[in-house]
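Listed below, chain by chain, are the residues.
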Amino acid sequence: MRPDDANIAGNVHGGTILKMIEEAGAIISTRHCNSQNGERCVAALARVERTDFLSPMCIGEVAHVSAEITYTSKHSVEVQVNVMSENILTGTKKLTNKATLWYVPLSLKNVDKVLEVPPFVYSRQEQEEEGRKRYEAQKLERMETKWRNGDIVQPVLNPEPNTVSYSQSSLIHLVGPSDCTLHGFVHGGVTMKLMDEVAGIVAARHCKTNIVTASVDAINFHDKIRKGCVITICGRMTFTSNKSMEIEVLVDADPVVDNSQQQRYRAASAFFTFVSLSQEGKPLPVPQLVPETEDEKKRFEEGKGRYLQMKAKRQGQVEPQA
């Protein structure tokens with residue numbers, strides 16, 4: 001890990017790690033999807049499950065990224081990726097990330113054609129049934145996120161501190177060849193890195209301290225982003241606890257050079273959680289968010305629900321659904 005991979009405190013950006021995770025997942029899933037004779041394809045990222053940043057990675061450490069396929073459906077591949085950091089001076093290794101990603105195989109001849117996934121040999125019978133349950137769960141969650149696709153972030157003049165408008169941020173990026181796969185659409189890891197960057201700006205504006213990515217809720221990729229698109233990545237704070245901040249990030253794509261598709265569309269969405277740190281790396285209290293509009297108050301309550309649910313899950317006491 002080099003200085004340009006990290007923030008001012010020397011901690012590697014969460015987006016940099018997410019990009020490495022996606023690249024490892026893309027390699028192993030593309031390899032599996034081309035393991036039999038037939039139409040050639042490349043695996044495209046469809047979804048990333050919740051990812052926790054278990055331990056910080058620092059400048060000078062070596063990242064070890066390993067990936068394995070854990071389940072396949074007819075048209076998708078589930079990949080588990082682990083990230084280890086190694087201090088090459090002391091030999092100390094530690095687990096920094098565990099992530100689950102879903103890919104779909106797209107034909108090299110027709111980017112809109114999803115191919116069938118070759119069968120996968122499971123080490124035990126229960127593994128397939130457990131994977132099928134995860135597949136059905138993520139499929140349902142993806143459907144539930146689509147209702148938010150029309151939501152947009154509007155700028156506000158002279159916002160008050162600690163409000164949603166005060167810290168909300170946007171980044172505009174023209175998609176070039178270096179951002180894209182062989183198909184000519186954006187790597188999922190590139191999109192995630194930009195999303196993490198915007199979320200980090202929102203968090204830093206709100207608390208004005210050093211901040212780090214603590215976790216990423218499920219990232220859903222609703223549609224492909226093609227080369228030549230102008231993408232707008234918008235972030236806004238939705239909830240604060242005493243020591244964490246939840247930030248919603250929305251990615252919209254504008255196909256300015258594609259005459260066949262003029263409509264701007266929602267390409268991806270996710271929730272990032274950041275924590276505030278002192279110069280010594282200790283957690284700091286977070287200024288409490290002040291929601292002003294009814295929509296902001298509603299998003300705050302939804303964020304609070306996600307926070308409490310995850311807190312209960314970590315304690316082994318998942319609350320029943322209403």
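Residues numbered from 1 in each chain as written. Predicted model: local features only at pLDDT ≥ 70, side-chain atom pairs only at ≥ 80, totals over all residues. Heavy atoms only, no water.

Labelled according to an unreviewed UniProt entry, the protein appears under the name palmitoyl-CoA hydrolase, originating from Trichechus manatus latirostris. UniProt annotates the protein under Subcellular location (unreviewed entry) with the comment "Cytoplasm". (UniProt positions renumbered as here; feature names shortened; annotations may be inferred.)

Draft legend 1. Structural detail: the nonpolar core. Among the nonpolar cores identified, the biggest contains 63 residues, and Met-195, Ile-219, Ile-225, Ile-233 and Phe-272 are the most heavily contacted of them. With nine residues, helix α4 (residues 188-207) is the single largest residue contributor to this core. When residues of this core are assigned to domains, at least three map to each of domain 1 (3-140) and domain 2 (164-317). (Core = buried A, V, L, I, M, F, W, Y, C linked by side-chain atoms within 4.5 Å. Buried < 20%, exposed > 50% of the residue type's maximum accessible area, 1.4 Å probe, protein only. Helix = DSSP H or I, 4+ residues; strand = E, 2+ residues; numbered from the N terminus. Domains from an automatic or database assignment.)

Draft legend 2. Quick peek at the UniProt feature "domain: HotDog ACOT-type" (unreviewed entry) in the protein. Within the UniProt annotation, "domain: HotDog ACOT-type" (unreviewed entry) is assigned to residues 1-109 and 165-280. For residues 1-109, helix accounts for 18% and strand for 43%, while the C-alpha atoms at its two ends are 37 Å apart.

Draft legend 3. Just the packing of aromatic side chains, in detail. Under the definition given, this model contains seven aromatic pairs. Pairing Tyr-71 with Tyr-135 gives two aromatic rings, centres 6.3 Å apart and planes at 40°, and the pair type is tilted. Placement of the pair is Tyr-71 in strand β3 (residues 62-72) and Tyr-135 in helix α2 (residues 125-145), with a sequence separation of 64 residues. Neither residue differs from the other here; Tyr-71 and Tyr-135 are each classed as buried. These aromatic residues form a ring-pair network of at least three members: Tyr-71, Trp-102, Phe-120, Tyr-122 and Tyr-135. Directly above the aromatic system of Phe-271 lies the positively charged group of Arg-306, at a separation of 3.9 Å from the ring centroid. (Phe/Tyr/Trp six-rings, centres within 6.5 Å; stacked < 30°, edge-to-face > 60°. Lys NZ or Arg CZ within 6 Å of the ring centre and 35° of its normal.)

Draft legend 4. Molecular detail of the UniProt feature "active site" (unreviewed entry) in the protein. Mapped onto this numbering, the UniProt entry gives "active site" (unreviewed entry) at Asn-7 and Asp-196. Spatially, the listed residues are clustered: although they cover 190 residues, their C-alpha atoms lie within 12.2 Å of one another. With respect to the helices, strands and loops of the structure, Asn-7 is situated in the segment before α1 (14-33). The class for Asn-7 is buried, based on a relative accessible area of 18%. In this structure Asn-7 touches His-13, Asn-210, Ile-211 and Val-212, once residues within four positions along its chain are discounted. Only 3.0 Å separates the side chain of Asn-7 from the backbone nitrogen of Ala-9, close enough to count as a polar contact. Looking at the element boundaries, Asp-196 is found in helix α4. Take Asp-196: its relative accessible area is 5%, and that puts it in the buried class. Each residue touching Asp-196, except ones within four places of it in the same chain, is listed here: His-13, Gly-14, Gly-15, Thr-213, Phe-272 and Phe-274. (Contact = heavy atoms within 4.5 Å. Polar contact = N/O pair within 3.5 Å; in protein donor to acceptor, adjacent residues only side chain to side chain.)

Draft legend 5. Representation of the packing of α1 against α4 in the model. For the pair α1 and α4, the least separation of the axes is 8 Å and the interaxial angle reads 165°. The orientation of α1 relative to α4 falls into the category roughly antiparallel. In the packing of α1 onto α4, the handedness of the crossing is right-handed. Residue-level contacts link Gly-14, Gly-15, Thr-16, Leu-18, Lys-19 and Glu-22 of α1 to Gly-188, Gly-189, Val-190, Met-192, Lys-193 and Asp-196 of α4. (Axes fitted to C-alpha atoms, helices over the stretch in contact; angles between N-to-C directions. Parallel < 35°, antiparallel > 145°, perpendicular 65-115°, else oblique. Left-handed = near helix turned anticlockwise from the far one by under 90°.)

Draft legend 6. Examining unusual backbone geometry more closely. Residues other than glycine seldom take positive phi values, yet Asn-162 does so here, at roughly 70°. Its location among the elements puts Asn-162 in the loop between α2 and α3 (164-167). Positive phi, normally seen in glycine, also occurs at Lys-208, with a value near 55°. Mapping Lys-208 onto the fold places it in the loop between α4 and β7 (210-216).

Draft legend 7. Representation of a nonpolar patch on the surface in the model. There is a patch of nonpolar side chains on the surface, built from Val-62, Ile-88 and Leu-89 and spanning about 320 Å² of accessible area. Structurally, Leu-89 can be placed in the loop between β4 (77-86) and β5 (93-107). The exposure class assigned to Leu-89 is exposed, which follows from its relative accessible area of 79%. (Patch = residues over 30% accessible without salt bridge, like charges linked within 9 Å, V, L, I, M, F, W, Y side chains within 5 Å. Areas by Shrake-Rupley, 256 points an atom, 1.4 Å probe, with all protein chains shown as cover. Salt bridge = Lys/Arg side-chain N within 4 Å of Asp/Glu carboxyl O.)

Draft legend 8. Highlighting the pairing of strand β11 (residues 265-277). Counting buried residues along β11, 13 of its 13 residues qualify, which places the element largely inside the surrounding structure. When β7 meets β11, the two strands line up antiparallel, connected through six bridges. Across the sheet, Val-212 pairs through a bridge with Val-275, a residue of β11. Two elements, strand β8 (residues 219-221) and β11, share two bridges in a ladder whose sense is antiparallel. In the sheet register, Asn-220 faces β11, and the bridge partner there is Ser-269. Direction of pairing for strand β10 (residues 245-254) relative to β11: antiparallel, over a ladder of nine bridges. Among the inter-strand pairings, Ala-253 is bridged to a residue of β11, identified as Tyr-265. (Pairing = 2+ DSSP bridges.)

Draft legend 9. Here's a closer look at the layout of surface pockets. Its volume calculated, the second largest pocket comes out at about 810 Å³. Lining the second largest pocket are 38 residues, with Ala-44, Leu-45, Ala-46, Val-104 and Phe-221 positioned closest to its centre. (1 Å grid on protein atoms, 1.4 Å probe; cavity = no way out; pocket = protein on both sides within 12 Å on 5 of 7 lines; lining within 4 Å. Points joined across faces, edges and corners; volume = space filled by probe spheres on them.)

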